[in-house]
Number of protein chains: 2
Amino acid sequence: MLKPHSTPQSLAYVDGELVAISEAKISILDWGFLHSDATYDVSHVWQGRFFCLDEHIDRYYAGMEKLRLSIPYTKAQLAKLLLNMVAQSGLRHAYVEMITTRGQPSPGSRDPRTCTNQFFAFVVPFVWIIPPEEGLHIAISKQQRIPSASVDPTIKNYHWLDLVMGQFDAYDRGAQSAALVDENGNIKEGPGFNIFIIKGNQLFTTNTGVLQGITRKIVMQLAQKLALEAPHALNTKVVLGEISADAFRHADEAFATSTAGGIMAITQVDDSVIGTGRIGPLTTQLKEAYWAMHTQSKYSLEVPYPK
Amino acid sequence: MLKPHSTPQSLAYVDGELVAISEAKISILDWGFLHSDATYDVSHVWQGRFFCLDEHIDRYYAGMEKLRLSIPYTKAQLAKLLLNMVAQSGLRHAYVEMITTRGQPSPGSRDPRTCTNQFFAFVVPFVWIIPPEEGLHIAISKQQRIPSASVDPTIKNYHWLDLVMGQFDAYDRGAQSAALVDENGNIKEGPGFNIFIIKGNQLFTTNTGVLQGITRKIVMQLAQKLALEAPHALNTKVVLGEISADAFRHADEAFATSTAGGIMAITQVDDSVIGTGRIGPLTTQLKEAYWAMHTQSKYSLEVPYPK
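Along each chain, residue indices are assigned from 1 in the same order as the chain's sequence is written. Labels follow written order: the first chain is A, the first ligand is 1, and so on. pLDDT decides what is reported in this predicted model: residues at 70 or higher carry local features, side-chain atom pairs at 80 or more are listed and counted, and totals for whole chains, interfaces and linings draw on all residues regardless.

Observations regarding the sheet that holds strand β1 (residues 11-14) of chain B
Residues and elements named next belong to chain B. Strand order in this open sheet of seven strands is β2-β1-β7-β6-β4-β5-β17, and the pairing throughout is antiparallel. Strands with a single pairing partner mark the edges of an open sheet, and in this sheet they are β2 (17-20) and β17 (300-302). Strand-to-strand twist of the sheet, defined as the mean angle between neighbouring strand axes without regard to direction, takes the value 25°. In this structure, β1 lies alongside strand β7 (residues 118-125), joined through four bridges in antiparallel fashion. Residue L11 lies in a different strand from β7, and its bridge partner there is V123. Strand pairing follows a simple DSSP-based rule, namely that at least 2 bridges must link the two strands. A run of H or I in DSSP counts as a helix once it spans at least four residues, and a run of E counts as a strand once it spans at least two, with each numbered from the N terminus. Fitting a line to C-alpha atoms yields each axis, with helices limited to the stretch in contact; the angle taken between N-to-C directions then spans 0 to 180 degrees.

Next up, the structure:
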């Protein structure tokens, strides 16, 4: 057990103990590694407050249930454990990841039902994918996102090789990140983010073959709310439907959503500049509203740092 | 460093050192875990001889190249390292796994190009998926195998959630393992194995959307050889083409191929008994020829156990 009151530091919860991140390791025989047989979730802490923790925990438990995984904690116990981990770390801007792996099978067995599932968690400093005042340059990859018929995308999972290859593809083409497509060439998601476009005062995002992101959900709620407040700025209707590569390249505005980074403007898609090439007015509005939620007790929870 | 001459035991190679398997761990921040951004290969040792090691090493390096991963060893150095690991373990029947992971990015970065790739290897006792005298009962899963357009199946990878879900599906239906399909319902592969059927003296296996298994390749070579020796028993032509669910259920014989277990007869598919419900004559012939190769120096290498 680490001593509290130390300098802010990354910590992890492994085998029921809080340890320094450098000591946070998993057996190479755990099927969470050897079969990527695991689910996880990532929440974040901003200005010392945990954002939407309950929603992340709900999604995490739903994923475990679908994969027939379990951990020996109730949701309330898990929340307490994570709050304590962050409090002990002293980090006030952080990512918090919770992980359940299949574990190892009984000796001589290859039956996943004989495995003891393992729980891990860690807290590390918050990192911006891009500086918040910048826009992303995205390349549309030929790489197809793993389809729902193979891996249920509503279960947050570590099957990222398609995203990693898309990322390299993007670098090769001078872009910063990638958008992956489905078998029909429609835009699905990027490495760790959902994608929205704005066209003619309507907000579009796909509803199939992607993670049901929590930032994505918040954006849809905010769009609805902002539209009611300023009906001429944004249509009330969020359109859930396919986005073609062409629609993406010719959007008025576009952005990516992720717990890692929040709402990130996309200002270039392949060779096409989006809008003016700067963060658009509606994206800015959504971004400001998103960050304003972080101090509201309805959406965030104060971390009980040691005094 | 472990002392040689100890009782046979599982060992691993981690951070450039041989350690007991219980000490073999990977950082939970390694993207080999967090993004399943890794490739691997598994070879086996039988009666103290390494089987087809060079072919496994060749495939492993080809996978690394495709994923832009590297390790600081030549193929010859790696072979020596693995031979030494097995020799030190004292295990005479074993699996040997070699792994390359992306590693961790530079602090504050999410760029895979900043990662230092990591190498791991381990040797554990050989385990039969099923006793070699038994046949497998397979359920055809509705779960689709991750398609090639998403993840190149010729790169041996840990994206197994589709296979794991198929496995649970099989258990629910009273079977021992699963066959996954493509979007057209054609049979692809099971958790860790390729699938062959025999119908009218012809051997069929799919050539797309599956790992190009080394046991699979050996079976095709053996079939060719056996057919030349006994032309009435087996047609010379191995048919590479799609296998429908119906053809699978109505095969004369069927089997699975894997480094883990070699050639394993499939004697039931869903509710359909295959052939007589016992291991068929051609499967037996291929099996015997396969195991006979293990003592031939053309295919296997003696492990230099300490005297």
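Quick look at the domain arrangement of chain A
When the parts of a complex come together, some accessible area is lost, and that lost area is often taken as the interface size. Residues and elements named next belong to chain A. Boundary definitions for the domains trace back to an automatic or database domain assignment. Here chain A is described as being made up of domain 1 (11-125) and domain 2 (136-294). Placing the centre of domain 1 and that of domain 2 at their C-alpha centroids yields a distance of 27 Å. Any pair of residues counts as being in contact when their C-beta atoms, constructed from backbone geometry, are within 7 Å of one another. At the junction of the two partners, domain 1 supplies 20 residues and domain 2 supplies 10 residues. Breaking the side of domain 1 that touches domain 2 down by element, the ones donating at least two residues are β4 (38-46), β5 (49-51) and α2 (53-67). Polarity classes work like this: nonpolar for Ala, Val, Leu, Ile, Met, Phe, Trp, Tyr, Cys and Pro, charged for Asp, Glu, Lys and Arg, and polar for all others, with Gly in that last group. Across the side of domain 1 that touches domain 2, the residue classes tally to eight nonpolar, seven polar and five charged.

Observations regarding the confidence of the model for chain A
pLDDT is a per-residue confidence score from the predictor, ranging from 0 to 100. Confidence in the prediction of chain A, expressed as mean pLDDT, is 93, and 95% of residues score 70 or more. For this predicted complex, the interface confidence comes out at an ipTM of 0.95, alongside a pTM of 0.95.

What to know about the sheet that holds strand β7 (residues 118-125) of chain A
Residue and element names in this part refer to chain A. Strand order in this open sheet of seven strands is β2-β1-β7-β6-β4-β5-β17, and the pairing throughout is antiparallel. The sheet terminates laterally at β2 (17-20) and β17 (300-302), the two strands that pair on one side only. Sheet twist, expressed as the mean angle between neighbouring strand axes with direction ignored, is 25°. Against the sheet, α2 touches β4, β5, β6 (94-101) and β17, its axis set at about 175° to β4. Contacts from helix α3 (residues 75-89) reach β1 (11-14), β2, β4, β5, β6 and β7 within the one sheet, and its direction differs from that of β6 by about 135°.

A short note on unusual backbone geometry
Although it is not a glycine, A:C52 sits at a positive phi angle of roughly 50°. With respect to the secondary-structure elements, A:C52 resides in the loop between β5 and α2. Any residue surrounded by 20 or more other C-beta atoms within 10 Å of its C-beta is treated as buried, while 12 or fewer makes it exposed and the intermediate range makes it partly exposed; C-beta atoms here are placed from the backbone. Here A:C52 falls in the buried class, since 21 other C-beta atoms lie within 10 Å of it. Positive phi outside glycine occurs at B:R68, with the angle close to 60°.

Quick word on the interface of chain B and chain A
Opposite the 40 residues of chain B that make contact, chain A presents 40 residues. Counting only elements with at least two residues in the side of chain B that touches chain A, the list comes to β3 (25-27), α1 (31-34), β7 and α4 (161-172) of chain B. Among the elements that make up the side of chain B that touches chain A, the one with the highest residue count is α4(B) (six residues). Tallied by class, residues from the side of chain B that touches chain A come to 23 nonpolar, nine polar and eight charged. Two elements, strand β3 (residues 25-27) of chain A and β3(B), share three bridges in a ladder whose sense is antiparallel.

So, the nonpolar core
Only buried residues count toward a nonpolar core: Ala, Val, Leu, Ile, Met, Phe, Trp, Tyr and Cys, linked into one set through C-beta atoms within 7 Å. Counting residues in each nonpolar core, the largest one holds 172 residues, and the members touching the most others are A:V86, A:F120, A:A121, A:A254, B:F120 and B:A121. Among residues more than four places away in sequence, those in contact with A:A121 are A:A12, A:Y13, A:L82, A:M85, A:V96, A:E97, A:M98 and A:I99.

What to know about the pairing of strand β14 (residues 253-258) of chain B
All names here are of chain B. The buried fraction of β14 amounts to six of the six residues, a majority that puts the element mostly inside the structure. Residues E253, F255 and T257 point to one face of β14 and A254, A256 and S258 to the other, with burial holding for every one of them. Inspection of the sheet shows strand β11 (residues 193-199) paired to β14 by five bridges, in the antiparallel sense. Considered in β14, the bridge of I197 is made with A254. Bridge count between β14 and strand β15 (residues 262-269): four bridges; the pairing is antiparallel. If you follow T257 over to β15, its bridge partner there is I263.

Details of the relation of the copies chain B and chain A
Mapping chain B onto chain A calls for a screw motion: a turn of 180° about the axis and a shift of 0.0 Å along it, with 0.0 Å RMSD after fitting. The superposition operator between the copies reduces to a two-fold rotation axis. Of the interface residues in chain B, 100% have counterparts in chain A that sit at the interface too, so the contact is made through matching surfaces. To line up the copies, we fit them by least squares on C-alpha atoms, keeping just the residues with pLDDT of at least 70 in both.

A few points about helix α3 (residues 75-89) of chain B
All names here are of chain B. To estimate how far a helix should extend, the number of its residues minus one is multiplied by 1.5 Å. Over its 15 residues, α3 runs 21 Å from end to end, which matches the ideal 21 Å to within 8%, given 1.5 Å per residue. Taken as a whole, α3 has its buried residues at L82, M85, V86, Q88 and S89. Seen along its axis, α3 keeps its buried residues to an arc of 165°; they face one direction. Of the residues in α3, the exposed ones pointing more than 90 degrees away from the buried face are A76 and Q77. Residues of α3 that are buried make contact with β1, β2, β4 (38-46), β6 (94-101) and β7. Throughout, the arc means the angular range of directions from the helix axis out to the C-beta atoms.

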